[in-house]
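Given next are the chains, with one letter for each unit.
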Amino acid sequence: MKINIKNNTNYSDIENNYGLLNKYPNADLYIPANLKGKQLGIYTEIIQLIITWSRISKGRLYVHYNKDSSDLDDKIELMFNRFWNFVAGCMGYKNGIYLLDETNISSKVASVIKKRIDFLSINKNWKKGNNSFISAIQHSANPFPSALYYSNGNLKSKKQIIELTKDILIDVSKTYSKSTSTTVVEHYQELIGEIIFELIENTHFWSQSNHEDKTFETGVRGLMISSHHGNKKELLKNCKDDKSLYQYFTNLISNSEAENQVIELSIFDSGSGLAGRWLQKEITELNTTQEIYDAIIDCLIKENTTDKSSNYERGFGLFNMMKLLDLRNGYLKIRTNGLKLVRDFNKNPFDANKPKQKEEYKLENWYDAQKKSIPNFKTEGTMFSIFLPTSETN
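This write-up is about the structure you can find in this document. Remember, predicted model here, so these are calculated numbers, not experimental data.

**Describing the overall build of the protein chain**
Then, in step 1: What the protein chain contains, in helices and strands, is 14 helices and 12 strands.
Then, in step 2: Taken against the 2.2 N^0.38 rule, which gives 21 Å for 394 residues, the C-alpha radius of gyration of the protein chain at 20 Å falls within 12% of a compact globule.
Then, in step 3: C-alpha atoms of the protein chain, sized along the principal axes, occupy 60 × 50 × 45 Å.
Then, in step 4: Here the protein chain, with 394 residues, has 59% of them falling under the buried criterion.
Then, in step 5: Counting only contacts in the protein chain whose residues sit at least 6 apart along the sequence, the fraction spanning at least 24 positions is 75%.
Then, in step 6: Counting only carbon and sulfur atoms, one obtains 45% of the accessible surface of the protein chain, whose full area is about 16600 Å².
Then, in step 7: Considering the protein chain, the positive charge centre built from 51 side chains and the negative charge centre built from 47 side chains are found 3 Å apart.

Now the structure itself:
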């Protein structure tokens, strides 16, 4: 059995592939050379699917070429220099990477991956178009990208991460047009930087080991910052099969002709998931949807932590993220431990004056908006995606 990530993959395809993986846990994975379209948030959705496949399956990773393809080495180089395929190469290497004719190209891909990891070890970020990508590959020779870490493996300071975030945000914002206003980004840059620092710190401390604190043999965690532009019709077109996100933009944008900018901040990792770490349970031991949901909400509450002896100030507390999303009428999506949860802050404001009241952190089930029941598959790792309007929407 094979799982095929098509070059025009959409949200529905992602969900269908999770279902196939649940049914055929040792399926092979076929990845595209490139992706068409501009679906909002699709890159990190694909990355999280790849992470789940790599954790569950013993199947092979395949690319859509054969040994007789012209300029094969150049095509492999280009293919694995795309964000999602880079992650696929890092996490799929252990089971082998093959062409359609069964030629093993693992060593060729490893060479491409090594060059990109070396690049991240000395450069601020990996930028392509309106996307900026930073990734830490746990099992590599250079597991600490210089943007986020000192050479000794210690995380950089909050001040340094805030400064990095500001530079990247302004850079990706102006990719579309040099005249793009960065006023909102600059006004909120410290708060956005604090959110990035908090999310990076969370994934650094909690995703490298399992629920028993045993270090994973392989692992990936990363940050992607993207800038999306368009009028109301264009933005809706790029999330048409995500009913919750579609409804968010429908209600948020009242001026149909105005040009809008939305910043997407996404953090992903290959850890045990929020509920798995919080409850200190294997993913298969998480019995009910309610148990998983309650654990995820506990992770969000300010200053909650599973390690009472730690100097780690907030634990999983992501209060600043909720506060900023409320200030800018943003949108939050979390995928972890089989749940996909969302919150539209334009529709459901957050009361920052009640930072420890659990009901303030309520999230909605993404599948409800899709008019589907919650599937019984469990996803690996955790993905946070934040959509932050940075232009006026009325």
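Following the structure, the description resumes.
**Considering the sheet that holds strand S6 (residues 131–137)**
Then, in step 1: Reading across from one edge, S5-S6-S7-S8-S12-S9-S10-S11 is the order of the eight strands in this open sheet, with antiparallel pairing throughout. Among the strands making up the open sheet, the edge pair consists of strand S5 (126–128) and strand S11 (364–365).
Then, in step 2: As defined by bridge partners, S5 adjoins S6 across three bridges and the pair is classed as antiparallel. Residue pairing across strands places Lys-127 opposite Ser-132, the latter belonging to S6.
Then, in step 3: Sitting on the sheet, helix H5 (residues 106–122) is in contact with S5 and S6, with an inclination near 100 degrees to S6.
Then, in step 4: Taken strand by strand, helix H10 (residues 243–252) contacts strand S8 (260–269), strand S9 (331–336), strand S10 (339–344) and strand S12 (382–389), and its axis lies near 15 degrees from that of S12.

**Concerning helix H12 (residues 289–300)**
Then, in step 1: Compared with the 16 Å implied by 1.5 Å per residue over 12 residues, the 17 Å span of H12 between its first and last C-alpha is a close match.
Then, in step 2: When you tally the buried positions in H12, you get nine out of 12 residues, the bulk of the element.
Then, in step 3: Every buried residue of H12 is listed here: Glu-291, Ile-292, Tyr-293, Ala-295, Ile-296, Ile-297, Asp-298, Cys-299 and Leu-300.
Then, in step 4: Of the surrounding secondary structure, the elements contacted by the buried residues of H12 are helix H11 (274–279), helix H13 (319–327), S9, S10 and S12.

**A word on the environment of Glu-282**
Then, in step 1: Within the secondary structure, Glu-282 sits in the loop between H11 and H12.
Then, in step 2: In this structure Glu-282 comes out as partly exposed when scored by relative accessible area, which is 33%.
Then, in step 3: Considered as a pair, Glu-282 and Glu-212 are 70 residues apart in the sequence and their alpha carbons are 8.5 Å apart.

**Some points on the pairing of S12**
Then, in step 1: S12 sits mainly inside the fold: eight of its eight residues count as buried.
Then, in step 2: What you see with S12 is no split at all: Thr-382, Phe-384, Ile-386 and Leu-388 on one side and Met-383, Ser-385, Phe-387 and Pro-389 on the other are buried throughout.
Then, in step 3: Two elements, S8 and S12, share eight bridges in a ladder whose sense is antiparallel. The residue bridging Ser-266 from the neighbouring strand is Ser-385, located in S12.
Then, in step 4: Relative to S12, S9 runs antiparallel, the two being bridged by six bridges. Note on S12: the bridge partner recorded for Leu-332 is Ile-386.

**Brief notes about the environment of Asn-123**
Then, in step 1: One can find Asn-123 in the loop between H5 and S5.
Then, in step 2: Between the C-alpha atoms of Asn-123 and Ser-146, which are 23 residues apart in sequence, the distance is 6.4 Å.
Then, in step 3: Once residues lying within four places of it in the same chain are set aside, the contact partners of Asn-123 are Ser-146 and Ala-147.

**Some points on unusual backbone geometry**
Then, in step 1: For Asp-71, which is not glycine, the phi torsion reads 50 degrees and is therefore positive.
Then, in step 2: Note on placement: Asp-71 falls in the loop between strand S3 (61–63) and helix H3 (72–79).
Then, in step 3: Its identity is not glycine, yet Gln-280 carries a phi of approximately 55 degrees, on the positive side.
Then, in step 4: Examined against the element boundaries, Gln-280 turns out to sit in the loop between H11 and H12.

Definitions and limits used
Residues numbered from 1 in each chain as written. Predicted model: local features only at pLDDT ≥ 70, side-chain atom pairs only at ≥ 80, totals over all residues. Heavy atoms only, no water. Helix = DSSP H or I, 4+ residues; strand = E, 2+ residues; numbered from the N terminus. Rg over C-alpha atoms; globule rule 2.2 N^0.38 Å. Buried < 20%, exposed > 50% of the residue type's maximum accessible area, 1.4 Å probe, protein only. Contact = heavy atoms within 4.5 Å. Areas by Shrake-Rupley, 256 points an atom, 1.4 Å probe, with all protein chains shown as cover. Lys, Arg positive; Asp, Glu negative; His and termini not counted. Charge placed at Lys NZ, Arg CZ, Asp CG, Glu CD. Pairing = 2+ DSSP bridges. Axes fitted to C-alpha atoms, helices over the stretch in contact; angles between N-to-C directions. Expected span 1.5 Å × (residues − 1).

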